[in-house]
Amino acid sequence: MNSSSSPLLATHGLCFSFGKRPILHDVNLRVEPGSIYGFLGPNGAGKSTTMRLLLGLLRPAAGSVQLFGHDLARHRVALLGRVGALIENPSLYDHLTGHENVEATRRLRGVAAHRTAEVLALVGLTDNAHRPAREYSLGMRQRLGLAIALLSDPDLLLLDEPTNGLDPNGIIEMRELMRRLRQEQGKTIVVSSHLINEIEKVATHVGVIQQGRLVFQGSLPDLQRLQTGRTRLVLETQDADTCRNLLPRLLAGATPAGPGTLWLPWVSREHTAEVAAAVTAAGLPLYGLHLEQPSLEDTFLHLTEARPTLA
Amino acid sequence: MNSVLTPALPELATLPAATNPFGQLRRTLAADALKLRRTAALRLTLLSGAFPVLLAFLIFFFKGHEILKAGGTPWPRFISLAWQTAGTLLLPLFVVLLTSLVVNIETKATAWKHLYAQPVGRGAVFFSKLLLILALNAVALVLFVGLVLGAGALLGVLQPKLGFQAHAVPMEVVLRMLGRTYVATLGLLAVQYVVSLYWRSFVVPVGVGMGAVVATVALLSWEHADKIPYAAPLMTSVSMRMSKAGVLEAGHELAKHEWYSLAWCGGALLLGYLLLYRRNMTT
């Protein structure tokens, strides 16, 4: 991550607890302008709490939030004027139409009147704008929530699990919309999710949170490099144990994964060749030798399983 | 990662200007007024005054000749009957329901988190809804008074024997009572408002309000009953008297219980504001 540019959003040592139960511990987020920051973590890891802290809905026990280089606690109202947010399920007034729902927030924010029709068109709800929100499907509600978040043409968008409850089509649409907002309008987007697959196709940067701690933060290529380090060599032979006993030096780091399968950490091409030669020289059959790269999902699961030190 | 030519990035150093608190309040109020459309709170406000007036109208339509045996102007008896029907139980319950319904508009939409993430201060949110409830309360009372006078005029046409058309409306007393009754509702209105905001539910404030109104009726003979905010509308309603000459009388100044109502209003709002201002917005 380019650390020379000033971040659009940064948190410093953010801590939060509900009563005595600690929720967040020393979270240092850093979101570059013009990025789509995928904020990942399993349910209950503290994603929503972090999002609420970023909007000033909660007061941190320690630490601070900086938006656009200013302290949120001190300039909350002014800074929120440049932020659009969709927190969990969208807040919709069921007795109002889609149009009136947008209009309510438009009046509250003092945004120009023509924006209502614009954002409804942007999320494809123009035709349904005059139906009451209670008749909307889950996907339409989510899109209406996004339209409201986009009203003020904000520089920063905070989307908390925006694809929750959407069908595959809806998820693809949401992804396309995020990509367009970044590419065409230069918006910075922080989007939280518990699924890496949803994020990897659209995010430029990723932060992974686990039990209230940030366990990884970096660009998507950084995360991919982390996963290369976990590439393994899969060796298939007749009997894994015999093979390991005959070649104790070469196969010291191997773990048996089946009666005839051994996993070795991948070191280099030369090492791979040496293993192949040694197995044949020892008179053991070599049925297969291939590289296996864990998927991004495996890497994510690995990150959120254990508690490694801060990446 | 696809590198993109991002359009000019937002200027980071300059702090965007926030509108002044009154501008924020005005915008919040405009949004809150829109949210009232098609709500039970609005229907309640427009219709609640009709019930006690209808009751008084029917009583006078069928039994007016017995009530007004003594002759003279029928207005004082008619007005005090309608006023006491409305003021004893209906008015406190109306205020309880109204505040709960208005606050519930946000609660039902899970919109508090949305509202507090908008660029308006918490004070604007607090006072906008308060002003809205105060205005609806005033509209309901004015509608009630209009209906009372309208029903009297209608009786003058339908039952000329009762004499509504022949006597003047005691307008000054009616207006004075209108103002005092409004003041009498402010204490319980503020208490209910803070309870609704604090618990962010519909059931809790309605339960608390109903319980308080019922308890008040039981406690009316207590020497400190005038300090209970839920008793004030009732006390104001029954304070309207008819002199022996058949003239409607009501005190020119605020009664003691009405001052207590104002004190409750100020105290509850101050406490509620302090309580809610620094509150964390969870769930």
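Only a predicted model underlies this, so the values are computations on that prediction, with no experimental measurement involved.

Participant: Any chance you could break down the UniProt feature "transmembrane region" (unreviewed entry) in chain B for me, citing the residues and the numbers?
Facilitator: All names here are of chain B. As recorded in UniProt, the sites labelled "transmembrane region" (unreviewed entry) are residues 44-62, 82-103, 124-157, 177-195, 202-222 and 259-277. Segment residues 44-62 splits into 89% helix and 0% strand. End C-alpha atoms: 28 Å apart. Secondary structure within residues 202-222 divides into 76% helix and 0% strand; the distance between the first and last C-alpha atoms comes to 30 Å.

Participant: How would you summarise helix α10 (residues 269-281) of chain A if you had to cite specific residues and measurements?
Facilitator: Residues and elements named next belong to chain A. Under the 1.5 Å per step criterion, the end-to-end length of α10 is 18 Å for 13 residues, consistent within 8% with the ideal 18 Å. In the core, the buried residues of α10 are packed alongside β12 (232-237), α9 (240-246), β14 (261-265) and β15 (286-292). Just downstream of α10 lies G283, where phi reads positive at about 80°.

Participant: Describe a nonpolar patch on the surface, naming the residues involved and giving the relevant values.
Facilitator: All names here are of chain B. On the surface, Y198, W199, V204, V208, L271 and L275 cluster together into a nonpolar patch covering about 530 Å² of accessible area. If you list the elements that add at least two residues to the nonpolar patch, you get α7 (171-199), α8 (203-218) and α10 (256-277). Tracing the backbone through its elements, the reader meets W199 in helix α7.

Participant: Just give me the short version of the packing of helix α1 (residues 21-35) of chain B against helix α6 (residues 122-158) of chain B, but keep the residues and values in it.
Facilitator: All names here are of chain B. For the pair α1 and α6, interaxial distance at closest approach is 9 Å and the crossing angle is 50°. In terms of orientation, α1 and α6 fall into the oblique class. Here α1 runs over α6; the crossing is right-handed. Note on element contacts: α6 touches α1 through A124, V125, F127, S128, K129, L131 and L132, opposite Q24, L25, T28, L29, D32, A33 and K35. Looking at the contact of α1 with α6, its residues break down into 8 nonpolar, 3 polar and 3 charged.

Participant: Can you break down the packing of aromatic side chains residue by residue, with the values?
Facilitator: If you walk through the whole model with that rule in mind, you get 16 aromatic pairs over all chains. Judged by centre distance (6.4 Å) and plane angle (40°), the rings of Y37 of chain A and F39 of chain A are tilted. You can call Y37 of chain A buried: its relative accessible area is 1%. F39 of chain A sits in the buried class, given a relative accessible area of 1%. Ring centres of Y198 of chain B and W199 of chain B lie 5.0 Å apart, and the angle between their planes is 75°; this geometry places the pair in the edge-to-face category. Judged by its relative accessible area of 33%, Y198 of chain B falls in the partly exposed class.

Cut-offs and rules
All chains use their own residue numbering, which begins from 1 and follows the written sequence. Each chain takes a letter, starting from A, and each ligand takes a number, starting from 1, following the order in which they are written. Residues qualify for local features only when their pLDDT is at least 70, as the model is predicted, and side-chain atom pairs are given and counted only at 80 or more; totals for whole chains, interfaces and linings, by contrast, use all residues. Hydrogens and waters are ignored; side-chain quantities use all the structure's heavy atoms. UniProt positions are given in the numbering used here, feature names are shortened, and annotations may be inferred rather than shown by experiment. The way it works is that DSSP assigns letters per residue, a run of H or I at least four long becomes a helix, a run of E at least two long becomes a strand, and they are numbered from the N terminus. One less than the number of residues in a helix, times 1.5 Å, gives the span that helix is expected to have. Working rule for contacts: check all heavy atoms of both residues, and any pair within 4.5 Å makes them a contact. For patch detection, residues must exceed 30% relative accessible area and be free of salt bridges, and they are connected within 9 Å for like charges or within 5 Å for nonpolar side chains (Val, Leu, Ile, Met, Phe, Trp, Tyr). For accessible areas, the Shrake-Rupley method is used with a probe of radius 1.4 Å. Any residue's cover is judged against the shown protein chains and nothing else. By definition here, a salt bridge exists when the distance from a side-chain nitrogen of Lys or Arg to a carboxyl oxygen of Asp or Glu is within 4 Å. Angles shown run from 0 to 180 degrees and are taken between the N-to-C directions of axes, each axis being a line fitted to C-alpha atoms and, for helices, limited to the stretch in contact. Here roughly perpendicular refers to angles of 65 to 115 degrees, roughly parallel to angles under 35, roughly antiparallel to angles over 145, and oblique to all remaining angles. Crossing handedness: left-handed means the near helix sits turned counterclockwise from the far one by under a right angle, and right-handed means the same turn made clockwise. Ten residue types, Ala, Val, Leu, Ile, Met, Phe, Trp, Tyr, Cys and Pro, are classed as nonpolar, four, Asp, Glu, Lys and Arg, as charged, and the remainder, Gly among them, as polar. When the centres of two rings from Phe, Tyr and Trp lie within 6.5 Å, Trp using its six-membered ring, the rings pair. Their planes under 30 degrees apart give stacked, over 60 give edge-to-face, and anything left gives tilted. The classification of residues rests on relative accessible area computed with a 1.4 Å probe and restricted to protein chains. Under 20% of the type maximum is buried, over 50% is exposed, and intermediate values are partly exposed.

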